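Summary of structural features
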Amino acid sequence: LLFNQSSVVTEFILLGFPVVWELDVLFFIVFLIIYVLTVSGNVTIISITLTDCRLHSPMYFFLCNLSLLDIMMATAIVPKMMKDFISLEKTVSVAGCISQCYFYFFFGTTEVILLAVMSLDRYVAICIPLRYFTIMSIQTSFQLGLASWAGGFFSVLSPMIIISWLAFCGPNVIDHFFCDFEPLINISCADTHLLELVKFVLSTVVLLCSLLFTILSYLYIIITILHIPSSSGWKKAFSTSASHITVASIFYGSAIFMYIVPNKELSFSLKKAVTLQTAVFTHLLNPFIYTLRKQQVRDALRDTTSHILRGSNAFRVNCKLSR
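A brief report on the enclosed structure follows. (Residues numbered from 1 in each chain as written. Predicted model: local features only at pLDDT ≥ 70, side-chain atom pairs only at ≥ 80, totals over all residues. Heavy atoms only, no water.)

1. Thoughts on the state of the cysteines
Scanning all chains against the criterion turns up 2 disulfides. Note that cysteine 97 is cross-linked by a disulfide to cysteine 179, the S-S spacing being 1.9 Å. As the torsion about the S-S bond is roughly -120°, the cysteine 97-cysteine 179 disulfide counts as left-handed. Placement of the pair is cysteine 97 in helix α3 (residues 94–127) and cysteine 179 in the loop between β3 (173–174) and α6 (181–186), with a sequence separation of 82 residues. Classification of cysteine 179 as buried rests on a relative accessible area of 0%. Cysteine pairing for the protein chain, with bonded cysteines counted in sequence order: 1-3, 2-4. Cysteine 101 carries a free sulfur, and the closest cysteine sulfur to it, the one in cysteine 97, is 7.1 Å from it. (Disulfide = S-S within 2.5 Å. Helix = DSSP H or I, 4+ residues; strand = E, 2+ residues; numbered from the N terminus. Buried < 20%, exposed > 50% of the residue type's maximum accessible area, 1.4 Å probe, protein only.)

2. Brief notes about the pattern of salt bridges
Enumeration over the complete set of coordinates arrives at 2 salt bridges. The residue lysine 80 makes a salt bridge to aspartate 84 at a minimum N-O spacing of 3.1 Å. In this pair, lysine 80 and aspartate 84 are both assigned in helix α2 (residues 58–85), 4 residues apart and thus about one turn of the helix distant. Using a relative accessible area of 6% as the deciding quantity, one classes aspartate 84 as buried. With a closest N to O distance of 2.9 Å, aspartate 121 and arginine 122 form a salt bridge. On the basis of relative accessibility, which here comes to 1%, the residue aspartate 121 falls in the buried class. (Salt bridge = Lys/Arg side-chain N within 4 Å of Asp/Glu carboxyl O.)

3. Brief notes about the packing of aromatic side chains
A complete count under the given rule lists 19 aromatic pairs for this structure. On the basis of an interplanar angle of 90° and a centroid distance of 6.2 Å, the ring pair of tyrosine 102 and phenylalanine 153 is categorised as edge-to-face. With tyrosine 102 in helix α3 and phenylalanine 153 in helix α5 (residues 138–164), this residue pair connects regions lying 51 residues apart in the sequence. Using a relative accessible area of 6% as the deciding quantity, one classes tyrosine 102 as buried. Between phenylalanine 103 and phenylalanine 107, the aromatic rings sit 6.0 Å apart at their centres with planes inclined by 25°, giving stacked as the arrangement. Of the two residues, phenylalanine 103 and phenylalanine 107 both sit in helix α3, 4 residues apart, roughly one turn of that helix. On the basis of relative accessibility, which here comes to 8%, the residue phenylalanine 107 falls in the buried class. Each member of the aromatic cluster is reached from another via a ring pair, and the members are Tyr102, Phe103, Phe106, Phe107, Trp149, Phe153 and Phe154. (Phe/Tyr/Trp six-rings, centres within 6.5 Å; stacked < 30°, edge-to-face > 60°.)

Given below as structure tokens:
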């Protein structure tokens, strides 16, 4: 990205959560634990999906993409936030701030599109089960995954290019824990009406189209489930969709509240709290809500752990024999 060299402001100050030093240290420890759990949980999901042939299906291919996005989205926000908790200078360069804003919305938009793609996968699996592997072939799954990443990349690119050419003349204080879109617009001394319009249109199109597609997919899924005669078949079909509905509800609800619904009368503290839940806590919960509760994944995880333990025990026995 190219940045406007005529800007007076060269760095921003992130206020984050203005609390006493002791709470800053406590927050650092809490978010360090959350970040480690988020990364380790999602890396575990990716690892066992890649290594266990029972999980080589379109659904788990999309789940791998979701886990990768969770890692990247948390990494775009949490490390810098933790550094600010224990740092006296909570500053970030203009280029660094705009880059953080871009990657956060790039990964977030990609996840929104991916959730719609995953609802399509569940629709085909439940409503057209006999043609599932024909429709959701390896090539089709790869193309849908690639389209999600490309859609996230290009939909965020144009507003970020406009932001990079805004003039920032002061003040340089951002009342947030990361470089969000709205605070950057608010502290610019340039005309931002075009940028706000572009942002609103893109947010509305991507979020509402993705949400509408997901809702329609699950309406058809629910209708199909209600026509399943056996209770065991009904429970199995519903269990494969319940996790996706939970994650999609949390993610869509937070995103629409933050970036589409007019809420200028609400306190910015509430907005920060909602953003914190979307940017940090959702990515910690996803592995547990979405994947680790599935029987197939638990079986694969148990088998992988047993294999590692057997290999470790065999290594110890060989070491003793060699002595």
